[in-house]
Amino acid sequence: MKGMMLNALLGVMLGRFGSVWRLLVFVPIVAAEVGYGLLVYNLSAGACLRRGTALLVCGQLAFLLGALLRPIANER
């Protein structure tokens, strides 16, 4: 649950203030979270794959939400 919240918060911030190329930040974060789950909770390979996919999707959807929060150019 904490990983989802971290990815959602990071995704919104990157979407609001960053570019789409900064989405690559999610790859090492997700790898670290999956590795932690593997070592601490002894997750199977399938569980790691599902958890990693869920974390990436959560971060990407949050990025899209953050992109929607950007001000329109003529709005300022």
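**So, the packing of aromatic side chains**
So, point 1. Tallied over the entire structure, the rule returns one aromatic pair.
So, point 2. With centroids separated by 6.2 Å and ring planes inclined at 85°, the aromatic side chains of Tyr36 and Tyr41 adopt a geometry described as edge-to-face. Take Tyr36 and Tyr41: they sit in the same class, and that class is exposed.

**Things to note about the UniProt feature "transmembrane region" (unreviewed entry) in the protein**
So, point 1. In the numbering adopted here, UniProt assigns the feature "transmembrane region" (unreviewed entry) to residues 20-41 and 53-73.
So, point 2. Secondary structure within residues 53-73 divides into 76% helix and 0% strand; the distance between the first and last C-alpha atoms comes to 34 Å.

**Examining unusual backbone geometry**
Apart from glycine, the bulk of residues carry a negative phi angle, and the bulk of peptide bonds sit in the trans form.
So, point 1. At Asn42, a residue that is not glycine, the phi angle is positive and equals roughly 50°.
So, point 2. For Asn42, the position within the fold is in the loop between helix H2 (26-41) and helix H3 (45-68).
So, point 3. Judged by relative accessible area, Asn42 falls into the exposed class, the value being 64%.

Here is what the cut-offs are and how they apply
- Residues numbered from 1 in each chain as written.
- Predicted model: local features only at pLDDT ≥ 70, side-chain atom pairs only at ≥ 80, totals over all residues.
- Heavy atoms only, no water.
- Phe/Tyr/Trp six-rings, centres within 6.5 Å; stacked < 30°, edge-to-face > 60°.
- Buried < 20%, exposed > 50% of the residue type's maximum accessible area, 1.4 Å probe, protein only.
- UniProt positions renumbered as here; feature names shortened; annotations may be inferred.
- Helix = DSSP H or I, 4+ residues; strand = E, 2+ residues; numbered from the N terminus.

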